[in-house]
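Chain and residue survey
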Amino acid sequence: MVKRSQYGCTSLNVSTLQRDVETFALPDFPQAERVTHLTDGKTLQIQWLSDGVVSEFDVNFLYRMAFNPSHEPAYQLWAKDLQDNVPDFDFNEVTKSDASFLPVLDAIETFGVVTFFGMPNDMQATKKLLEQVGYIRETVFGGLWDFSNNEAHSDSAYTSVGIGLHTDGTYTIDPPGLQLLQCLAFDGEGAFNLFADGFKIAQTIKAEDPEGYQVLQQIKVPAHYLEPGIQLRAEHAVVRENSQGQFEQICFNNYDRSPFMLTAKEQQAFYRAYGRFQQLINDPDNQIRFQLQPGKAVWFDNWRVLHARTAFSGFRHLAGGYTNREDYISKLLTLRGQTPWQA
């Protein structure tokens, strides 16, 4: 979309797509003096009666704005059928350039989880992957972090106990977008990583129990994280859809869930729907699982994919970090050459 004046002044910054005009100084109902369909077949030119300004619009943009056509979701729902089909990438190949990294972002958009092989066993490799998307998100655990079963934090990730399926950061106002885990060392048994497609679970409940699904959309569940000097609290619905009615975010962590009051009727409906969600993610038919070994990493969409870890013995050392959701989307659109409204 381009807007320009016959006098050379513009009403839209073509580089940033920011408005350069005072919208509310314009007529409430601007009238066109002349409308021309340009010979390229893709552009509509409008000369406005009030000030003679000429605007040019891409016809596909105008169609999307006028009719808001629905788009097929970019994601593919999965269950245990993804077990042997998780997209797996060579670290050295995908980090050569932005162009070679785009398939990784495409796969994350489609499936919500990818793996890497050939990872050097150091945190610089972790950092390099994360920075392919953008800056590393800082949290109470640091930015680029490494952890083992040394109980350095109160969080159960710093132990060797099993951890059930959940999404991270339900106690933050803006939960992390993507999470990367790289295995630096492992000498023991167990520690299988489990993953479930939260969108698939949401779709199942939506189809089987519309009332329960509505509860998961409407009731905001409070969560907390506590350790000395830190108190984090936030609340989120378990399922959130975008304006197109497509799944946008899953927030589910029964470990970090805070006490909260509901009416007797709401409480019954909530525990029924919330319990059904947990029952479905714990069904092996809805899970994939693998064991991270040195040289391997997994990257997943924390707004979609729930993750877990079985208990283990011995020593396990992982590195990882978070990237923000908007940075991932920004990188994806940039590498595709798209603007936000073309997504």
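What comes next is a walk through the structure. For clarity, every value in this text was computed on a predicted model and none was experimentally measured. (Residues numbered from 1 in each chain as written. Predicted model: local features only at pLDDT ≥ 70, side-chain atom pairs only at ≥ 80, totals over all residues. Heavy atoms only, no water.)

Digging into the nonpolar core
The condition that has to hold: What we call a nonpolar core is a set of buried Ala, Val, Leu, Ile, Met, Phe, Trp, Tyr and Cys residues that are connected through their side-chain atoms within 4.5 Å. Each residue is placed in one exposure class: buried if its accessible area under a 1.4 Å probe, protein chains only, is under 20% of its type's maximum, exposed if it is over 50%, and partly exposed if it falls in between. Elements are defined by DSSP. Helices are runs of H or I of four residues or more, strands are runs of E of two residues or more, and each kind is numbered from the N terminus. Whether two residues are in contact is decided by their heavy atoms: any pair within 4.5 Å suffices.
Residues Val238, Val239, Ile250, Phe252, Phe277 and Ile281 are the most contacted members of the largest nonpolar core, which totals 27 residues. Every element with two or more residues in this core is listed here: strand S10 (192–197), helix H5 (198–208), helix H6 (210–218), strand S14 (247–250), helix H7 (264–281) and strand S17 (305–309). The element contributing the most residues to this core is H7, with 6 residues. Excluding residues that lie within four positions of it along the chain, Ile281 makes contacts with Leu165, Ala196, Ile201, Phe252, Gln287 and Leu306. Among the nonpolar cores identified, the runner-up in size contains 26 residues, and Val86, Val113, Ile230 and Val298 belong to it.

A look at the side chain of His236
Filter applied, for reference: What qualifies as a polar contact is a pair of N or O atoms within 3.5 Å, subject to a donor-acceptor requirement within protein and to the restriction that residues adjacent in sequence count only when both atoms come from side chains.
Tracing the chain through its elements places His236 in strand S12 (residues 230–237). Among the residues examined, His236 registers a relative accessible area of 13% and is labelled buried. A distance of 2.7 Å separates the side chain of His236 from the backbone oxygen of Thr172, its partner in a polar contact. The residues contacting His236, other than those within four sequence positions of it, are Thr170, Thr172, Ile173, Pro175, Ile219, Lys220, Val221 and Cys251.

Remarks on the sheet that holds strand S7 (residues 145–148)
As a reminder of what qualifies: Only strands that DSSP links by at least two bridges are regarded as paired with each other. Lines fitted to C-alpha atoms define the axes, with helix axes restricted to the stretch in contact, and inter-axis angles between N-to-C directions lie between 0 and 180 degrees.
In spatial order, the strands read S5-S6-S16-S9-S18-S7; together these 6 strands make up an open sheet with mixed pairing. One side of each edge strand has no neighbouring strand; the edge strands of this open sheet are strand S5 (88–90) and S7. Each strand axis lies, on average, 25° off the axis of its neighbour in the sheet, ignoring direction. Direction of pairing for strand S9 (residues 178–190) relative to strand S18 (residues 312–323): antiparallel, over a ladder of 12 bridges. Residue pairing for S18: Leu178 is matched across the bridge by Thr323. With respect to the sheet, helix H3 (residues 98–111) is in contact with S5, strand S6 (113–117), S9 and strand S16 (297–301), its orientation differing from that of S6 by roughly 145°.

Let's talk about the sheet that holds S17
Judged by pairing direction, the sheet is antiparallel, and its 4 strands sit side by side in the order S8-S17-S10-S15 without closing on themselves. Each end of this open sheet is capped by a strand with a single partner; those strands are strand S8 (163–166) and strand S15 (287–291). On average, adjacent strands in this sheet sit at an angle of 15° to one another, irrespective of strand direction. Of the strand pairs in this sheet, S10 and S15 are connected by 5 bridges, and their pairing is antiparallel. Paired with Leu194 across the bridge in S15 is Arg289.

What to know about the pairing of S14
Relative to S14, strand S13 (residues 239–241) is paired through 3 bridges, and the arrangement is antiparallel. Bridging from a neighbouring strand, Val239 pairs with Ile250 of S14. Hairpin connection between S13 and S14: a loop of 5 residues separates the two successive antiparallel strands, and Gly245 in this loop has a positive phi of roughly 80°.

Structural notes on the packing of H5 against H7
To be explicit about the condition: Roughly parallel means an angle under 35 degrees; roughly antiparallel, over 145; roughly perpendicular, 65 to 115; everything else is oblique. Crossings are sorted by hand: turned counterclockwise from the far helix by less than a right angle, the near helix makes the crossing left-handed, and turned clockwise it makes it right-handed.
Interhelical geometry of H5 versus H7 gives an angle of 130° and a closest axis separation of 10 Å. The angle between the axes of H5 and H7 places the two elements in the oblique class. Taken as a pair, H5 and H7 cross one another with a handedness that is right-handed. Taken together, the residues of H7 that come into contact with H5 (itself represented by Gly198, Ile201, Ala202, Thr204, Ile205 and Glu208) are Arg276, Phe277, Leu280 and Ile281.

Some thoughts on the pattern of salt bridges
Formally: Salt bridges are identified by distance alone: a Lys or Arg side-chain nitrogen within 4 Å of an Asp or Glu carboxyl oxygen.
In total, this model carries 14 salt bridges according to the counting rule given. Here Arg325 and Asp301 are joined by a salt bridge, their closest N and O atoms 2.7 Å apart. Linking Arg325 in helix H8 (residues 325–336) with Asp301 in strand S16, this pair joins segments that are 24 residues apart in sequence. The same class applies to Arg325 as to Asp301, namely buried. Three or more residues are tied together by salt bridges with common partners; here these are Asp106, Glu109 and Arg336.

As for empty space enclosed by the protein
We count it as follows: Definitions used for this entry: grid spacing 1 Å over protein atoms alone; cavity, a set of points where a 1.4 Å probe fits but cannot get out; pocket, an open set with protein on both sides within 12 Å along at least 5 of 7 lines; lining residue, one with an atom within 4 Å of a point. Grid points are joined across faces, edges and corners, and a volume is the space filled by probe spheres set on the points. Residues are grouped as follows: Ala, Val, Leu, Ile, Met, Phe, Trp, Tyr, Cys and Pro are nonpolar; Asp, Glu, Lys and Arg are charged; all remaining types, including Gly, are polar.
Summed over the entire model, instances satisfying the criterion amount to 2 cavities of 30 Å³ or more. The calculated volume of the largest cavity comes to roughly 60 Å³. If you trace the largest cavity, you find it lined by Thr170, Val221, Pro222, Ala223, His236, Cys251, Phe252, Asn253, Arg257 and Tyr274. Among the elements that take part in the lining of the largest cavity, strand S11 (residues 220–227) stands out by supplying 3 residues, more than any other. Looking at the lining of the largest cavity residue by residue, the classes come out as 6 nonpolar, 3 polar and 1 charged.

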